[in-house]
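Spelled out, the chains give:
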Amino acid sequence: MKRISLLGATGSIGIQTLDVIREHPEEFKLVSMSSGRNMELTRKIISEFLPELVSVQEKDDAEKLKSEFPQMKIVFGQEGLEEVAVFQKADILVNAVLGSVGLGPTLEAIKSGKTIAIANKETLVTAGHIVMAEAKRHNVPILPVDSEHSAIFQALQGEREKNIERLILTASGGSFRDRKRDELQGVTKADALNHPNWSMGAKITIDSATMMNKGLEVIEAHWLFSLPYDDISVLLHRESIIHSMVEFHDTSIMAQLGTPDMKVPIQYALTYPDRLPLVSGKRLNLAEIGQLHFSEMDFNRFRCLKFAYDAGRAGGTLPAVMNAANEAAVAAFLDDRITFLQIEDLIEKAMENHNIIEGPDLETIQEVDKETRRYVKSLL
Ligand SMILES: NC(=O)C1=CN([C@@H]2O[C@H](COP(=O)(O)OP(=O)(O)OC[C@H]3O[C@@H](n4cnc5c(N)ncnc54)[C@H](OP(=O)(O)O)[C@@H]3O)[C@@H](O)[C@H]2O)C=CC1
Ligand SMILES: CC(=O)[C@@H](O)[C@H](O)COP(=O)(O)O
Ligand SMILES: [Mn+2]
């Protein structure tokens, strides 16, 4: 029986993680969880899964829950996230919370020896050098949940790192993939939230439309698979059937295919190195699909991807600045305060405005994260 701590239980990945736990009650048990402000769903999850420890974002919500669920330990805020992450009875932490808020809890979980199933890519983007070093020091596995990184992880099973030529991250192109840059003026939030293939949380759906999601994933891949940026490429693939690939020195390419269903990589991270039947999974019928399409990435059309390569190669605090600027800009877009194209302008300004600090420690990264959000807010 694997006992699971789940950060972000009420989100898109969190809910799908609960689906996997529900499908395999003989394999998994939810022992602790966190949510943010969605109290209606939080109550439903608590009633169904009976976790021992629950963290929510706000103190008032925690107080209300304490009176409704006196037998449970209810905590809140950043400290609450960290308490869930290190919950003593848990074997594995699923980090499905949104944004760099997931960094501190992930590091605490690593120090307490938890296996980490990581969906939260912002954690690796802002401080991958610290996360991977701590995981090595504590001999803790970091298992990818992000579909591209799970695909690469699966393609690498039984392979040797020295034989890798390059990673090929596939990208759907997002909601505006068939629009030219001059057709992006005045696009609406509803248009941007209409991903062609995946049903995801709002922030990542916008990131997919700006191509910042793929940028974050390039940096995530750099840390997870310790390959230089020159060996990490991106390929447009509009069907999102090939979830990513690895090319080896002998020119062969290994790919992982499947329907766009995040329960597959979530379940694989929880059952690795075994595989369980995906009870609610839809089997892929390639004959039905017929054709798969691929094309080269256009860095002028998708400027955020170039920002990410530049930030990754520059290193230091620049990835954290880019990520924080992106989080703040996307939140402003979702709040109807800026236009879609202003997202990349704000990111570019924040990166230009920053003096990179080399080899930042956790405190420096968290400070730079806060400073960047203040800077972006000052431009709104
Ligand atoms: N969705 C997907 O298919 C994929 C997602 N990912 C990554 O997984 C992570 C989660 O994405 P997704 O599930 O889409 O996100 P959602 O927005 O759907 O869910 C985010 C979760 O985090 C909680 N949360 C948000 N902010 C805070 C905060 N400040 N403190 C505590 N909890 C908070 C939310 O709580 P509440 O809703 O209760 O407020 C919710 O439970 C992201 O890093 C994303 O990039 C990666 C690959 C695919
Ligand atoms: C499901 C998942 O992993 C997302 O990151 C998804 O891949 C976004 O797709 P694109 O960024 O390719 O549009
Ligand atoms: Mn992905």
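Above this text you will find the structure in question.
Computed from a prediction, not measured in an experiment: that's the story for all the values here.

Here's the deal with the pairing of strand β11 (residues 253-257)
As judged from the five bridges shared by strand β10 (residues 242-248) and β11, these two strands associate in the antiparallel manner. Bridge assignment links V246 to a residue of β11, and that residue is M254. Between β10 and β11, which pair antiparallel and follow one another directly, the connecting turn spans four residues, one of which, T251, has a positive phi of 75 degrees.

Considerations on the site of ligand 1
As a structural note, the neighbourhood of ligand 1 is formed by 23 residues, with T10, S12, I13, R37 and E122 the closest of them. With respect to ligand 1, the backbone of N38 contributes an N or O atom lying 3.0 Å from an oxygen atom. Separating an oxygen atom of ligand 1 from a backbone N or O atom of L98 is a distance of 3.4 Å. Relative to its unbound accessible area of 890 Å², ligand 1 is 85% covered by the protein chains. Broken down by secondary-structure element, the contributors of at least two residues to the shell around ligand 1 are α1 (12-23) and α6 (121-137).

Comments concerning the sheet that holds strand β2 (residues 28-34)
Note: strands within a sheet are paired through backbone hydrogen bonds, in either parallel or antiparallel orientation. Strand order in the open sheet formed by seven strands is β4-β3-β2-β1-β5-β6-β7, with parallel pairing between adjacent strands. Where the open sheet ends on each side, the last strands, each with one partner, are β4 (73-76) and β7 (142-144). Neighbour to neighbour, the strand axes of the sheet diverge by 25 degrees on average, direction disregarded. With six bridges joining them, strand β1 (residues 2-7) and β2 adopt parallel strand pairing.

What about the site of ligand 2?
Neighbouring residues of ligand 2: 16 residues in total, closest S147, E148, S172, S208 and E217. Measuring from an oxygen atom of ligand 2, one finds a side-chain N or O atom of S147 at 2.7 Å. A distance of 2.5 Å separates an oxygen atom of ligand 2 from a polar atom in the side chain of S172. If ligand 2 stood free it would expose 350 Å²; the protein chains cover 97% of that surface. Listing elements by their share of the shell around ligand 2, those giving two or more residues are α7 (147-155), β8 (164-171), α9 (202-210) and α10 (212-225). Here the element with the most residues in the shell around ligand 2 is α10; it accounts for three residues. Considering only residue class, the shell around ligand 2 consists of five nonpolar, six polar and five charged.

Concerning the pattern of salt bridges
For side chains bearing opposite charge, pairing can occur when the charged atoms are close. If you walk through the whole model with that rule in mind, you get 32 salt bridges. Here D191 ties to R179 by a salt bridge, and the two come within 3.9 Å at their closest N and O atoms. In this pair, D191 sits in helix α8 (residues 189-192) while R179 sits in the loop between β8 and α8, placing the two residues 12 residues apart along the sequence. Overall, the relative accessible area of 30% leaves D191 in the partly exposed class. Where salt bridges share partners, they join K121, D146, E148, K214 and E217 into one cluster.

Focus on the packing of helix α13 (residues 303-314) against helix α14 (residues 318-334)
Where α13 meets α14, the axes come as close as 7 Å, and the angle between the chain directions of the two elements is 150 degrees. As summarised for this structure, α13 and α14 are arranged roughly antiparallel, according to the angle between their axes. Where α13 abuts α14, its residues F307, A308, D310, A311, G312 and A314 lie against L318, P319 and M322.

Some remarks on helix α4 (residues 77-85)
Listing the buried residues of α4 in full gives G77, G80, L81, V84 and A85. Mapping the buried residues of α4 onto a view down its axis gives an arc of 140 degrees, with all of them on the same face. Its buried side turned inward, α4 meets β1, β2, β3 (53-56), β4, β5 (92-95) and α5 (103-111).

Remarks on the side chain of Q267
Tracing the backbone through its elements, the reader meets Q267 in helix α11 (residues 263-271). At a separation of 2.8 Å, a polar atom in the side chain of Q267 contacts the main-chain carbonyl oxygen of L276. Leave out the neighbours within four places in its chain, and Q267 touches V20, H24, L276, P277 and L278.

Remarks on the packing of aromatic side chains
Enumeration over the complete set of coordinates arrives at six aromatic pairs. Their ring planes at 50 degrees and their centres at 4.9 Å tell us that F153 and Y272 sit as a pair that is tilted. With F153 in helix α7 and Y272 in the loop between α11 and α12 (286-289), the pair connects residues that are 119 residues apart, well separated along the chain. According to the relative accessible area criterion, Y272 is partly exposed, its value standing at 26%. With a centroid separation of 4.9 Å and 85 degrees between ring planes, the pair formed by F176 and F340 is classed as edge-to-face. Here F176, found in the loop between β8 and α8, pairs with F340, found in helix α15 (residues 340-352); they are 164 residues apart in sequence, far enough to count as distant. Seen from the ring of F302, R301 lies directly overhead, with NZ or CZ sitting 4.3 Å from the centre.

What counts and what doesn't
- Residues numbered from 1 in each chain as written.
- Chains lettered and ligands numbered in written order.
- Predicted model: local features only at pLDDT ≥ 70, side-chain atom pairs only at ≥ 80, totals over all residues.
- Heavy atoms only, no water.
- Pairing = 2+ DSSP bridges.
- Helix = DSSP H or I, 4+ residues; strand = E, 2+ residues; numbered from the N terminus.
- Near = heavy atom within 4 Å.
- Polar contact = N/O pair within 3.5 Å; in protein donor to acceptor, adjacent residues only side chain to side chain.
- Areas by Shrake-Rupley, 256 points an atom, 1.4 Å probe, with all protein chains shown as cover.
- Axes fitted to C-alpha atoms, helices over the stretch in contact; angles between N-to-C directions.
- Nonpolar A, V, L, I, M, F, W, Y, C, P; charged D, E, K, R; others polar.
- Salt bridge = Lys/Arg side-chain N within 4 Å of Asp/Glu carboxyl O.
- Buried < 20%, exposed > 50% of the residue type's maximum accessible area, 1.4 Å probe, protein only.
- Parallel < 35°, antiparallel > 145°, perpendicular 65-115°, else oblique.
- Contact = heavy atoms within 4.5 Å.
- Arc of directions from axis to C-beta.
- Phe/Tyr/Trp six-rings, centres within 6.5 Å; stacked < 30°, edge-to-face > 60°.
- Lys NZ or Arg CZ within 6 Å of the ring centre and 35° of its normal.

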